[in-house]
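Geometric and topological summary
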Amino acid sequence: MGLLFSQLSAHVVDAAIELELPRLIADETVTVDELAARTNSRADVLVRVLRALVALGLLDQVSPDAVRLTETGALLRPDRPDSILSYVQLLTPSSVLTSAWRRLGTAVRTGNPVFADIYGTDFFDYVSNDVELADWFSASMRQGTLPVAAAVSDSYDFAGHDVVMDVGGGDGTMLARLLATHDHLKAVLFDIEEGLGEAARILAAQGVSDRCDIRVGDFFVDVPTGADLYLLKNVLHDWDDERATAILANCRRVVPDGGAVVIIEALLPESPDSSVNPQVYLSDLNVLVNLGGKERTLAEFGRLCSRAGFDLAAVRPIGSTGKSLIEARPVRSDGRASPSRVRK
Ligand SMILES: C[S@@+](CC[C@H](N)C(=O)[O-])C[C@H]1O[C@@H](n2cnc3c(N)ncnc32)[C@H](O)[C@@H]1O
């Protein structure tokens, strides 16, 4: 029962966001009557939502009729640099993304995503035609990338590379961080037009625009030449094995001898494990229903890489981000492995 009731919590969070409670409370202690006035709600009903939010750990009950945001609740404020609001907006029950979950059974029967059946177009096309959703998507990718970018910067020896290309790199958050930390690096940000979002602004804000080219293109058609390190972060899990192999094969065509592809993804345990945070299993089903993609075990990444002409050179978890860094190097004709640049 607890499991099923927990999905109702998401509706409470959805309502809190719709009523803009995190923004309205901000860092104040606010009475129920004040909040009812600010949200144009009935105080006797609002108080019931507030009680639930206290029970869920998003609000503190400061006095019988006043509340404030907890540390977790404050992450839903839109004005914080570490806000997770856009991520939450993408995953609330009223979101386009979660509506596909209602047809998980169909996806299981067919093996195909159900997003296009519902919305008449595939996920990335839909996002590019919905300005608000595109903003949330891009902001949530940025929010998820910030801690990973900081940790990747320390987990990998970039000194041995000159030009890094982020393939499907979105708004450039990862590259902005890498360039700001490694003065010698140049970079190429590669994505479809709609994926690039605020890239120019984000790179400029870090003062690294002069070292980063922005290239528009389709990684199923080709991946540009010119880099010796290719990054794929949260890209392969969007696609089935055939399409993920096609992306890797396009990277293989352009990566030079001594170059590498670095894949950054959450890894599924090799066998189901109830001690693991179930998020990775739910994310696996989320990419299934929306995109036809999948999360993968290391062995599955190994098979993909091998089909595309790469050896797995190294793998290591990236700090406490829940992601792993997988380094793939071109299979050499002499059969010898190039040295890994993953830091021990
Ligand atoms: C899940 S997002 C990951 C973005 C970024 N790498 C990150 O981790 O924050 C997938 C990215 O792939 C891009 N993408 C989707 N289809 C593409 C295509 N055919 N060619 C190039 N990029 C594509 C999307 O625009 C998006 O930026």
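Coordinates for the structure precede this section.
We now turn to the structure provided with this report.

Basis of the calculations
- Residues numbered from 1 in each chain as written.
- Predicted model: local features only at pLDDT ≥ 70, side-chain atom pairs only at ≥ 80, totals over all residues.
- Heavy atoms only, no water.
- 1 Å grid on protein atoms, 1.4 Å probe; cavity = no way out; pocket = protein on both sides within 12 Å on 5 of 7 lines; lining within 4 Å.
- Points joined across faces, edges and corners; volume = space filled by probe spheres on them.
- Helix = DSSP H or I, 4+ residues; strand = E, 2+ residues; numbered from the N terminus.
- Nonpolar A, V, L, I, M, F, W, Y, C, P; charged D, E, K, R; others polar.
- Near = heavy atom within 4 Å.
- Polar contact = N/O pair within 3.5 Å; in protein donor to acceptor, adjacent residues only side chain to side chain.
- Areas by Shrake-Rupley, 256 points an atom, 1.4 Å probe, with all protein chains shown as cover.
- Buried < 20%, exposed > 50% of the residue type's maximum accessible area, 1.4 Å probe, protein only.
- Contact = heavy atoms within 4.5 Å.
- Phe/Tyr/Trp six-rings, centres within 6.5 Å; stacked < 30°, edge-to-face > 60°.
- Pairing = 2+ DSSP bridges.
- Axes fitted to C-alpha atoms, helices over the stretch in contact; angles between N-to-C directions.

Each pocket or cavity is described by its volume, and for the second largest pocket that value is around 400 Å³. Lining the second largest pocket are 20 residues, and of these Pro 81, Ala 139, Arg 142, Gln 143 and Leu 146 lie nearest its centre. In terms of residue count, helix α11 (residues 131–155) provides more of the lining of the second largest pocket than any other element does, six residues in total. Classifying every residue of the lining of the second largest pocket gives nine nonpolar, six polar and five charged.

For the rest of this paragraph, the subject is the site of the ligand. Close to the ligand lie 17 residues; Thr 145, Gly 168, Asp 191, Asp 218 and Lys 233 are nearest. With respect to the ligand, the backbone of Gly 168 contributes an N or O atom lying 2.8 Å from a nitrogen atom. Asp 191 has a polar side-chain atom sitting 2.7 Å from an oxygen atom of the ligand. Burial of the ligand by the protein amounts to 93% of the accessible area it has alone, namely 590 Å². Of the residues in the shell around the ligand, the class split is six nonpolar, seven polar and four charged.

Within this structure, the stated rule accounts for one cavity of 30 Å³ or more. One number sums up the size of the largest cavity: a volume of about 50 Å³. In terms of lining residues, the largest cavity is bounded by Ala 16, Leu 21, Pro 22, Ile 25, Leu 53, Leu 58, Leu 59, Leu 69, Gly 73 and Leu 76. The residue makeup of the lining of the largest cavity, split by class, is nine nonpolar, one polar and no charged.

The residue Ser 324 is located in strand β10 (residues 324–330) in this model. For Ser 324, a relative accessible area of 10% gives the class buried. Setting aside chain neighbours within four positions, we find Ser 324 in contact with Ile 263, Ile 264, Glu 265, Leu 267, Val 315, Arg 316, Pro 317 and Ile 318.

Right, let's get into the packing of aromatic side chains. Scanning the entire structure with this criterion turns up 12 aromatic pairs. Relative to Phe 124, the ring of Phe 123 lies with its centre 5.3 Å away and its plane at 75 degrees, an arrangement referred to as edge-to-face. Considering the side-chain rings of Phe 219 and Phe 220, the 5.0 Å spacing of their centres and the 85 degrees angle between planes classify their relative orientation as edge-to-face. With a relative accessible area of 25%, Phe 220 lands in the partly exposed category. Taken together, the ring pairs in this structure connect Phe 115, Tyr 119, Phe 123, Phe 124, Tyr 126, Phe 137, Phe 219, Phe 220 and Trp 239 into an aromatic cluster.

The next subject is the sheet that holds strand β9 (residues 310–317). Taken together, seven strands build an open sheet; the order of strands is β6-β5-β4-β7-β8-β10-β9 and the sheet is mixed. In the strand order of this sheet, the two ends are held by β6 (212–216) and β9, each with one partner. On average, each strand axis in the sheet is tilted by 20 degrees relative to the strand beside it, whichever way the strands run. Pairing geometry for strand β5 (residues 186–191) and β6, over five bridges, is parallel. Paired with Phe 190 across the two strands is Arg 215, which belongs to β6. Strands in contact with helix α16 (residues 298–307) are β8 (260–265), β9 and β10; relative to β9, the strand with the most contacts, it is inclined by about 150 degrees.

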